[in-house]
Amino acid sequence: MNLPTRKLGRTGIEVTQLGYGSMGLRGPKTWGVRDVSDEDAESFLNLVLDSGINFIDTAPDYGVSEQRIGRFIGSRRSEYFLASKCGCVYTQHQDHLEIDHQWNKDVIQRNLELSLARLQTGHLDLLQFHGGDAETLEREGLIRQLVDFRSQGLIRFIGISTKLPEMTKLMKLGVFDTFQVPYSALAPEHHEAITHAANNGAGIILRGGIAHGGPDAEIKRPALDDVWQRAKLDELLPEGMSRAELILRYTLSHPHCHTTIVGTCNPEHLAENISAAQKGALPDDLYQAIGQRVADVL
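Reading guide: rules and limits
- Residues numbered from 1 in each chain as written.
- Predicted model: local features only at pLDDT ≥ 70, side-chain atom pairs only at ≥ 80, totals over all residues.
- Heavy atoms only, no water.
- Phe/Tyr/Trp six-rings, centres within 6.5 Å; stacked < 30°, edge-to-face > 60°.
- Helix = DSSP H or I, 4+ residues; strand = E, 2+ residues; numbered from the N terminus.
- Buried < 20%, exposed > 50% of the residue type's maximum accessible area, 1.4 Å probe, protein only.
- Pairing = 2+ DSSP bridges.
- Right-handed = clockwise from strand over helix to strand, strands pointing away.

Novice: Would you explain the packing of aromatic side chains in this entry?
Specialist: Pairs of aromatic rings are described using the distance from one ring centre to the other and the angle between the two planes. Tallied over the full model, the rule gives eight aromatic pairs. The interplanar angle of 50° and the centroid separation of 5.6 Å between the aromatic rings of Tyr 20 and Phe 44 together place this pair among those described as tilted. In this pair, Tyr 20 is assigned in strand 3 (residues 18-21) and Phe 44 in helix 1 (residues 38-50), connecting sequence segments 24 residues apart. This pair shows no difference in class: Tyr 20 is buried, exactly as Phe 44 is. Ring geometry for Phe 55 against Phe 81: centres 5.3 Å apart, planes inclined by 10°, an arrangement best described as stacked. Separated by 26 residues along the polypeptide, Phe 55 in strand 4 (residues 55-57) and Phe 81 in strand 5 (residues 81-86) bring together distant segments of the chain. Put simply, the rings of Trp 103, Phe 129, Phe 176 and Phe 179 touch in pairs and so form one group of aromatic residues.

Listed below in structure tokens is the structure:
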């Protein structure tokens, strides 16, 4: 069975509803506890494509993520929709990567040039502001800058990674082809904003759609786990379904989830995510019951 696909809003591009977020390929001396070798990164990126996923999200400030994508699957560039970001300023210290976001044309220009070189491609399918607010992006001429990139053929579409309350003013600009926003059963605050953006023609890219794996994750997220426990979602968990599958399929059940970028470097987890995505949306009664329980505790 193939992965389900959706049109990414007004872009008209058909993308797999399960996408791949490449932050986990950031490499050593960045942040977190995981460190993926070059050999494993090469094997995993090719496995992502071999599994049918055709949407890959990255950023200049994800360590060596862009370099690895370019080195290991640059030769397969025609097989995937490639999204990166801009506004990224980062400093590599001896033991960690310090990240900042700055909104000026020099930073945006450097980000794009470096991303194209690292990713070994002549264009990005999507360039997203990595945050930012409507007033600053307009005042500094950065939206116009991305429009110029598009007219030069360096990028195809313009997007932004954002959240409320900034998202409201950004939608009013009417310039973004896509919005990347956080959403899951355990963090559903953007549900209506997603619907509003999609109804205006924007493509929707959801991050955090598996809630880091939920209560069974290796790295605990107490705030998310607390929502799960207080909503008593174990009572709704169908027999034979894992918590992670329930969370991911809830995200996929949002009528405007065009793609959700799930990051992992574990082949078993990837196989589980693919299996969940192939099963598709949850039954409507279960989807509604989860939403109501979570709403009652938030």
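Having put the structure on the table, let's press on.
Novice: Could you clarify how one ought to interpret the pairing of strand 11 (residues 203-207) in this entry?
Specialist: Walk down a regular strand and you will see the side chains alternate between the two sheet faces. For strand 11, the tally of buried residues reaches four of five residues, placing the bulk of the element in the interior. As paired elements, strand 10 (residues 178-182) and strand 11 share five bridges and run parallel to each other. Considered in strand 11, the bridge of Pro 182 is made with Arg 207. Chirality of the crossover, the property in question, places the unit of strand 10, helix 7 (residues 191-199) and strand 11 among those that are right-handed. In this structure, strand 11 lies alongside strand 12 (residues 259-262), joined through three bridges in parallel fashion. Opposite Ile 205, over in strand 12, you have Thr 259 as the bridge partner.

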